[in-house]
Amino acid sequence: MEQWKEREKEQDVLQTLCDDPAKGIRAMTEQYGGLVYAVTWRRLQGKFSKEDIEECVSDIFYELYRCREKIDLEKGSIKTFLLTIAERQAIRYYERKVEHLDKVSLQEQYERGEELPDTIDVEQQTIQKEESERLLEAIKGLGEPTSHIIIQKYYYGLTAKEIGEELGLTKNAVEKRIKRGLAKLKQALGMERAV
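Residues numbered from 1 in each chain as written. Predicted model: local features only at pLDDT ≥ 70, side-chain atom pairs only at ≥ 80, totals over all residues. Heavy atoms only, no water.

Draft legend 1. View of the overall build of the protein. Regarding its fold elements, the protein presents nine helices and zero strands. For the protein, the sequential pattern of α-helices and β-strands runs α-α-α-α-α-α-α-α-α. Per-residue burial over the protein gives 30% buried out of 195 residues. The contacts of the protein with a sequence gap of at least 6 include a subset with a gap of at least 24, amounting to 58%. Just so you have it, the protein exposes about 13,400 Å², and 49% of that area is on carbon and sulfur atoms. (Helix = DSSP H or I, 4+ residues; strand = E, 2+ residues; numbered from the N terminus. Buried < 20%, exposed > 50% of the residue type's maximum accessible area, 1.4 Å probe, protein only. Contact = heavy atoms within 4.5 Å. Areas by Shrake-Rupley, 256 points an atom, 1.4 Å probe, with all protein chains shown as cover.)

Draft legend 2. The arrangement of the environment of Y65 in detail. Considering the arrangement of structural elements, one finds Y65 in helix 3 (residues 50-66). Take Y65: its relative accessible area is 24%, and that puts it in the partly exposed class. Residues Y65 and L17, spaced 48 residues apart in sequence, show a C-alpha to C-alpha distance of 7.1 Å. What Y65 contacts, discounting residues up to four positions off in sequence, is L17, P21 and I25.

Draft legend 3. Main features of the packing of helix 8 (residues 160-167) against helix 9 (residues 171-188). Two elements in contact, helix 8 and helix 9, have axes separated by 8 Å at closest approach and are oriented at 110°. Our classification of the angle between helix 8 and helix 9 gives roughly perpendicular. Each of A160, K161, I163 and G164 in helix 8 lies in contact with helix 9, whose residues at this interface are K171, V174 and E175. Its residues assigned to classes, the contact of helix 8 with helix 9 shows three nonpolar, one polar and three charged. (Axes fitted to C-alpha atoms, helices over the stretch in contact; angles between N-to-C directions. Parallel < 35°, antiparallel > 145°, perpendicular 65-115°, else oblique. Nonpolar A, V, L, I, M, F, W, Y, C, P; charged D, E, K, R; others polar.)

Draft legend 4. Representation of the pattern of salt bridges within the structure. In the structure shown here, the tally under the stated rule is six salt bridges. One salt bridge connects R66 with E63, and the closest N-O pair in it is separated by 2.9 Å. In this pair, R66 and E63 are both assigned in helix 3, three residues apart and thus about one turn of the helix distant. On the accessibility criterion, R66 (46% relative accessible area) is partly exposed. Between E175 and K171 there is a salt bridge; the shortest N-O distance is 3.8 Å. With E175 and K171 both in helix 9 and four residues apart, the pair spans about one turn of that helix. Judged by relative accessible area, which is 38%, E175 ranks as partly exposed. (Salt bridge = Lys/Arg side-chain N within 4 Å of Asp/Glu carboxyl O.)

The structure is reproduced here in structure tokens:
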């Protein structure tokens, strides 16, 4: 019953987004703004300013508006759709900004009085990026719905209950998939300890 009410509420918000975009975006921002900001902040913190993160959040809601006609509530909730957009936009934002920074020569940075990158820091970031990519590939290799569950749990911070409601599974079933998925990841990544 509660899932039905939630879907009806989402349908209303989606209709408002189509009929009155400004009002729809305000409603989406009020309902999901904190969550979208948290996801974006987690991806971009320490690398970009607060203003950059806010710009990325704005891009996320714009992308939601742009894709409003494609949202199918039968396939997933607005929250899930928005979190997927947030993850992708944060990655794109990061890549776009880093690509721009890479084009600026060290001499130009020096002339502007900017701090030059530390070789060790750059090396560490490269290693972390490679490890993250390897982990993400291993998660995708778990197959659906396990990979989706792991991403929702550890990237978006959703509880087993929230994930279960979204997928129509019990909390216990979600927890079992998480446990099995982590065991498979541990094996796939050749780790000695649990993830």
